[in-house]
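Residue-level structure breakdown
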Amino acid sequence: MLGAVAGDIIGSAHEFCPVKTMDFPLFVEGSKFTDDTVLSAATAFSLLTDGDYAENYRIFGRLYPLAGYGAGFKNWLVSKEGTPYNSWGNGSAMRVAPVGYAFDEEDEVLREAERSAAVTHNHPEGIKGAQAVALGTFLARRGAEPAQIKKEISARFGYDLDRTVAKIRPGYSFDVSCQGSVPEAVICFLEGGDWEQAVRLAVSLGGDADTQACMAGALAEARFGAVPAEIEHRTREMLPGHLLEVIDDFIAKFMTD
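Presented here is an overview of the structure given in this document. (Residues numbered from 1 in each chain as written. Predicted model: local features only at pLDDT ≥ 70, side-chain atom pairs only at ≥ 80, totals over all residues. Heavy atoms only, no water.)

1. Re the overall build of the protein
Heads up, the condition is: Secondary structure elements are defined from DSSP: runs of H or I of at least 4 residues count as helices, runs of E of at least 2 residues count as strands, and each element is numbered from the N terminus. We compute the radius of gyration over the C-alpha atoms and compare it with the globule rule, which gives 2.2 Å times the number of residues raised to the power 0.38. Relative accessible area decides the class of each residue, using a 1.4 Å probe on protein chains only: under 20% of the type maximum gives buried, over 50% gives exposed, and in between gives partly exposed. The contact criterion used is simple: two residues touch if any of their non-hydrogen atoms lie within 4.5 Å. To measure how exposed things are, a 1.4 Å probe is used in the Shrake-Rupley method; for residues, cover is taken only from the protein chains shown.
When helices and strands are tallied, the protein shows 15 helices and zero strands. By the compact-globule yardstick of 18 Å for 257 residues, the protein fits well, its C-alpha radius of gyration being 16 Å. If one aligns the C-alpha atoms of the protein with their principal axes, the spans along those axes are about 45 × 40 × 40 Å. Across the 257 residues of the protein, 58% fall into the buried class. Restricting the contact set of the protein to residue pairs at least 6 apart, pairs at least 24 apart contribute 73%. Carbon and sulfur atoms form 51% of the exposed surface of the protein, whose accessible area is close to 10600 Å².

Written out as structure tokens, the structure is:
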């Protein structure tokens, strides 16, 4: 959980001011939590309470209305109908990491990831993106090697994971689609030698930095364990008590041996 949140905060300052280098300060004046954190916490809360995803995304979204939601989700948040809007955006993938911790069978993870996505992002690519991040998180926390994770995600979802960050970075730009951002975030995770390096790689793509760092950070936490202590401390300082309580409750139930 904190791996995803810290990645979101670190990437937030570079979402619209992209960098193409790994040499940048992790926390700056403009660093803040965004919709990635809010909705990841909503997913965690849903799993803790066996609650309804759509209802909790609405509750959390309305509690933090200025978190930077995409236009489609923002319209969904204020609409009366609350029906899915066939989105292929990466919003489904940025919020799904808790699913990878809450279940112990691959089929359950994939099914629950689809459930969490489909209340808004019911386009096949939106569902695929959520399932890819959830499955990667699940496999990493179960001790799978990066090569195995790469093989599983590539085979199941058809993502091209044979590229390198060095090859992607020069021509890459802002892309909020699952198909155009999730594979790249997974590649950053696969290349990262530790949590911080995976997040720095994700930000250095110069794309949707907060969301890609959130996804890479979630995957890297599952692989490497807790985020570095100083980064965790800074992250906690930037979160309201309500979100911290949900995150800590989730960690206590699903991420503590």
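There's more to say after this.
2. Topic: a nonpolar patch on the surface
Heads up, the rule is: Residues forming no salt bridge and having over 30% relative accessible area are the ones grouped into patches, like charges within 9 Å of each other and nonpolar side chains (Val, Leu, Ile, Met, Phe, Trp, Tyr) within 5 Å. For this analysis, a salt bridge means a side-chain nitrogen from Lys or Arg found within 4 Å of a carboxyl oxygen belonging to Asp or Glu.
The grouping of Phe 16, Trp 88, Phe 174 and Val 176 at the surface amounts to a nonpolar patch, some 430 Å² of accessible area in total. Tracing the backbone through its elements, the reader meets Trp 88 in the loop between helix H4 (71–78) and helix H5 (91–94). Trp 88 gets classed as partly exposed once you look at its relative accessible area, which sits at 41%.

3. Notes on the packing of aromatic side chains
Where we set the bar: Two rings from Phe, Tyr or Trp (for Trp, the six-membered ring) form a pair when their centres sit within 6.5 Å of each other. Planes less than 30 degrees apart are called stacked, planes more than 60 degrees apart edge-to-face, and all others tilted.
What the rule picks out here adds up to eight aromatic pairs. An angle of 50 degrees between the planes, with centres 5.6 Å apart, marks the rings of Phe 45 and Phe 60 as tilted. Of this pair, Phe 45 sits in helix H2 (residues 35–49) while Phe 60 sits in helix H3 (residues 53–63), and the two are 15 residues apart along the sequence. On the basis of relative accessibility, which here comes to 30%, the residue Phe 45 falls in the partly exposed class. Their ring planes at 35 degrees and their centres at 6.2 Å tell us that Phe 157 and Tyr 159 sit as a pair that is tilted. Note on Phe 157: relative accessible area 8%, which makes it buried. In this structure Tyr 159 comes out as buried when scored by relative accessible area, which is 5%. Aromatic ring contacts, followed pair by pair, group Tyr 69, Phe 73 and Trp 76 into a single cluster.

4. Observations regarding the pattern of salt bridges
Following the criterion strictly, the structure yields 11 salt bridges and no others. Between Lys 128 and Glu 125 there is a salt bridge, and its shortest N-O distance comes to 3.5 Å. Taken as a pair, Lys 128 and Glu 125 lie in helix H8 (residues 124–141) at a separation of three residues, close to a single helical turn. Counted as one network, the salt bridges with shared partners bring together Asp 160, Arg 163 and Glu 184.

5. Considering the nonpolar core
Put simply, the rule reads: The nonpolar core is taken to be a set of buried Ala, Val, Leu, Ile, Met, Phe, Trp, Tyr and Cys residues, with the residues joined through side-chain atoms within 4.5 Å.
Ile 10, Val 38, Val 99 and Val 182 are the most contacted members of the largest nonpolar core, which totals 88 residues. Sorting elements by how many residues they give to this core places H8 first, with nine residues. When near neighbours in sequence (up to four residues on either side) are disregarded, Val 182 contacts Ala 93, Gly 129, Ala 132, Val 133, Tyr 159, Ser 177 and Met 215.

6. Looking at H8
Note that an α-helix has 3.6 residues per turn; residues three or four places apart therefore point the same way. Heads up, the condition is: Take the number of residues in a helix, subtract one, and multiply by 1.5 Å to get its expected span.
Between its first and last C-alpha, H8 extends 26 Å over 18 residues, near the 26 Å set by a 1.5 Å rise per residue. Summarising burial for H8: 15 of the 18 residues are buried, a large majority. Once H8 ends, the next one or two residues include Gly 143, with phi positive near 90 degrees.

7. Some words on the environment of Met 22
Mapped onto the secondary structure, Met 22 falls in the loop between helix H1 (2–12) and H2. Relative accessible area serves as the criterion here: at 28%, Met 22 is assigned to the partly exposed category. In sequence terms Met 22 and Leu 39 are 17 residues apart; their C-alpha atoms lie 27 Å from each other. Apart from residues lying up to four places away in sequence, Met 22 is in contact with Arg 169, Gln 197, Arg 200, Leu 201 and Ser 204.

8. Description of unusual backbone geometry
Despite not being glycine, Asp 50 has its phi angle at roughly 55 degrees, a positive value. By the element assignment, Asp 50 lies in the loop between H2 and H3. By relative accessible area, which is 73% here, Asp 50 ends up exposed. Backbone geometry at Asn 86 places phi at a positive 60 degrees, although glycine is not the residue there. Relative to the elements of secondary structure, Asn 86 occurs in the loop between H4 and H5.

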